[in-house]
Amino acid sequence: MEQSKNVPIHILTQFDIPGTLHSVEELKRGHINRTYIGHWDVGGVRKRYIHQSVNHRVFTDIEALMGNLEIVTDKLREDLQARPVIPGETTLTLVRTKTGASHLRDEGGEHWRSFEYIENTVSYDVCPSAHVARESAAILGRFQRALSKISASEIKDTIPYFHHGLRRYDAFDRALKEDCKGRAREAMAEIDFAQSRRELGGALISALERHEIPLRVSHNDMKLNNVLFNSAGDVAICLLDLDTAMAGTPLFDFGDLVRNTAVPCSEDEQDFSKVVVDMELYRSICDGYLSEVGDMLTTTERSLLSVSPRVLALILGVRFLTDYLQGDTYFRIHRPRHNLERARTQFEIVRAMEHLGPEMASFVAP
Ligand code: GN1
Ligand code: MG
């Protein structure tokens, strides 16, 4: 059997899949978990399944994580049954073990889980069209609307203070003070940038903590490549990566989607002539999103929509920079200084959006 390195076959074969495992290949995506495709022979037919090892240094409470996943996918399935659906529209389906467990721990302490593979789909790392931008925003809106039926307190925090801009700045301050790898001197420009935008970093979390906007369940990792499209690539049918779905604000998701979808380049693009906000993509995201949740958002939420992409890009940039200063212990990197480059790109996005402030606000004004 062909096999990716580090995959414990004896763990995968304990999942309730009525066939034999033929081969496993790694799906190279994500900075945190490791994801594989298992090819199985099921009654003479080749079938695919997703197998994933959850990064337990990042997700320390696996029971909370898997519990949330069940609550969220049940609610999404309920929503799909309660309204006219788009052909192919679906949600993640967990495959349990033969003894009914949602996950298994291997000898090295990694937690493994499996999902049904959703066939005949495509996803995008870089947004190819206004139509795709609109679709991805609409599926986000449907997700938030469905989850508005559960209270944020029913879901556990899988990573506490995840988009808490002020705490992210505290962690950055500590990393900078320690400078354990002596890297601060080559990151001075980025450090200065981060320090000059501290107030922006706290904008959304302060509104939440002052109860100016409601706490709701949000996805919290709303990247375009977490949206599956149908095989023609023009209809969004499933939202992936539900591990950080927890209490937050829809503004985290709208902001995250805009920062990575309306800026059509890779997250580590170093040619800054490409790091520009495409206003047609932005406008399509606004249209698609508001068509689904326009009547759900409060006036204050709506008035913060246009600033949220800036906040999310800044917080992510600060997280990349912090990880760089700490020696790249959190985000998987593919080359030296990768996290510093990622931080630069996010800060460039913040700059671009600062110039477009009033124009961005005009499409989402309450
Ligand atoms: C991480 O691993 P991935 O790509 O799903 C990170 C997100 C970042 C994203 C940036 C748990 O997500 O917060 O926005 O990288 N996830 C976690 O690409 O930290
Ligand atoms: Mg993720």
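Here the structure is a predicted model, which is why all the values come from computation and not from measurement. (Residues numbered from 1 in each chain as written. Chains lettered and ligands numbered in written order. Predicted model: local features only at pLDDT ≥ 70, side-chain atom pairs only at ≥ 80, totals over all residues. Heavy atoms only, no water.)

Trainee: Would you take a moment to explain the coordination of the magnesium ion (ligand 2) for this structure?
Mentor: Around a metal, the perfect tetrahedron of four donors has angles of 109.5 degrees, and the perfect octahedron of six donors has angles of 90 or 180 degrees. Around the magnesium ion (ligand 2), the donor atoms from the protein are Asp221 (OD) and Asp241 (OD), and they sit 1.9 to 2.0 Å away. You can see Asp221 sitting in the loop between β8 (216–218) and β9 (227–230) and its partner Asp241 sitting in the loop between β10 (236–239) and β11 (246–248), a full 20 residues away along the chain. Overall, the relative accessible area of 26% leaves Asp241 in the partly exposed class. (Donors = N, O, S within 2.8 Å, 3.2 Å for Na, K, Ca; no water. Helix = DSSP H or I, 4+ residues; strand = E, 2+ residues; numbered from the N terminus. Buried < 20%, exposed > 50% of the residue type's maximum accessible area, 1.4 Å probe, protein only.)

Trainee: What is the right way to read empty space enclosed by the protein from this model?
Mentor: Gaps left between atoms are located by rolling a probe of water-molecule size over the structure's atoms. What the rule picks out here adds up to one cavity of 30 Å³ or more. Roughly 140 Å³ of internal volume is contained in the largest cavity. Lining the largest cavity are 13 residues, with Leu76, Leu80, Glu89, Thr90 and Ile139 sitting closest to its centre. Residues belonging to the lining of the largest cavity are distributed by class as follows: seven nonpolar, two polar and four charged. Residue-level mapping places the lining of the largest cavity at the junction of two domains, with at least three residues from each of domain 1 (9–117) and domain 2 (130–362). (1 Å grid on protein atoms, 1.4 Å probe; cavity = no way out; pocket = protein on both sides within 12 Å on 5 of 7 lines; lining within 4 Å. Points joined across faces, edges and corners; volume = space filled by probe spheres on them. Nonpolar A, V, L, I, M, F, W, Y, C, P; charged D, E, K, R; others polar. Domains from an automatic or database assignment.)

Trainee: Even after reading the chapter, I still don't get the nonpolar core, so can you show me in this structure?
Mentor: Burial of nonpolar side chains together is a common tendency in soluble globular proteins. Within the largest apolar cluster, 103 residues are counted, with the highest numbers of intra-cluster contacts made by Phe254, Tyr282, Tyr289 and Leu321. Taken domain by domain, this core gets at least three of its residues from each of domain 1 (9–117) and domain 2 (130–362). Once residues lying within four places of it in the same chain are set aside, the contact partners of Leu321 are Phe172, Ala187, Glu190, Ile191, Ala194, Asn339, Leu340, Ala343 and Phe347. Formed by 14 residues, the second largest nonpolar core is a distinct cluster that contains Ile11, Tyr36, Val42 and Trp112. (Core = buried A, V, L, I, M, F, W, Y, C linked by side-chain atoms within 4.5 Å. Contact = heavy atoms within 4.5 Å.)

Trainee: Sorry, what's going on with the site of ligand 1 here?
Mentor: Neighbouring ligand 1 are 15 residues, the closest being His31, Lys223, Glu267, Arg319 and Tyr330. Between ligand 1 and Tyr330, the relevant distance is 2.5 Å, taken from an oxygen atom to a side-chain nitrogen or oxygen of the residue. Protein burial of ligand 1: of its 440 Å² of free accessible surface, 94% is covered by the chains. The class makeup of the residues in the shell around ligand 1 is seven nonpolar, two polar and six charged. A domain split of the shell around ligand 1 shows at least three residues from each of domain 1 (9–117) and domain 2 (130–362). (Near = heavy atom within 4 Å. Polar contact = N/O pair within 3.5 Å; in protein donor to acceptor, adjacent residues only side chain to side chain. Areas by Shrake-Rupley, 256 points an atom, 1.4 Å probe, with all protein chains shown as cover.)

Trainee: How should the sheet that holds β9 be read in this particular structure?
Mentor: The strands making up a sheet associate through backbone hydrogen bonding, with each pair oriented either parallel or antiparallel. Taken in spatial order, the three strands make up an open sheet running β7-β9-β10, and their pairing is antiparallel. Each having just a single partner strand, β7 (121–122) and β10 make up the two edges of the open sheet. Relative to β10, β9 runs antiparallel, the two sharing three bridges. In the sheet register, Val227 faces β10, and the bridge partner there is Leu239. Across the sheet, helix α3 (residues 130–147) touches β9 and β10, and the angle it forms with β10 is around 50 degrees. (Pairing = 2+ DSSP bridges. Axes fitted to C-alpha atoms, helices over the stretch in contact; angles between N-to-C directions.)

Trainee: Looking at this structure, how should I read the packing of aromatic side chains?
Mentor: The description of two aromatic rings rests on the distance between their centres and on the angle between their planes. The tally for this structure, following the rule as stated, stands at nine aromatic pairs. Ring centres of Tyr330 and Phe331 lie 4.8 Å apart, and the angle between their planes is 75 degrees; this geometry places the pair in the edge-to-face category. We classify Tyr330 as partly exposed; its relative accessible area is 27%. Taken together, the ring pairs connect Phe320, Tyr330 and Phe331 into an aromatic cluster. In this arrangement the basic side chain of Arg167 is found over the ring face of Tyr161, its NZ or CZ atom lying 3.6 Å from the centre. (Phe/Tyr/Trp six-rings, centres within 6.5 Å; stacked < 30°, edge-to-face > 60°. Lys NZ or Arg CZ within 6 Å of the ring centre and 35° of its normal.)

Trainee: Got a minute to help me understand the layout of surface pockets in this structure?
Mentor: Estimated volume of the second largest pocket: approximately 470 Å³. Looking at side-chain class alone, the lining of the second largest pocket contains eight nonpolar, three polar and seven charged residues.

Trainee: Would you explain the domain arrangement of the chain in this entry?
Mentor: Here the domain parsing of the chain yields domain 1 (9–117) and domain 2 (130–362). Computed over C-alpha atoms only, the centres of domain 1 and domain 2 are separated by 26 Å. On the domain 2 side, the residues contacting the 27 residues of domain 1 number 28 residues. Carbon and sulfur atoms supply 62% of the area that domain 1 and domain 2 bury against each other, a total of about 2,600 Å² over both sides. Remark: the boundary between domain 1 and domain 2 carries two salt bridges. Between Arg142 and Glu89 there is a salt bridge; the shortest N-O distance is 3.0 Å. Counting every contact that joins domain 1 to domain 2 gives 10 residue pairs in polar contact (both at pLDDT 80 or more). Here the element with the most residues in the side of domain 1 that touches domain 2 is helix α2 (residues 62–82); it accounts for 10 residues. Taken together, the residues of the side of domain 1 that touches domain 2 break down into 12 nonpolar, eight polar and seven charged. (Buried area = accessible area lost by both parts, 1.4 Å probe. Salt bridge = Lys/Arg side-chain N within 4 Å of Asp/Glu carboxyl O.)

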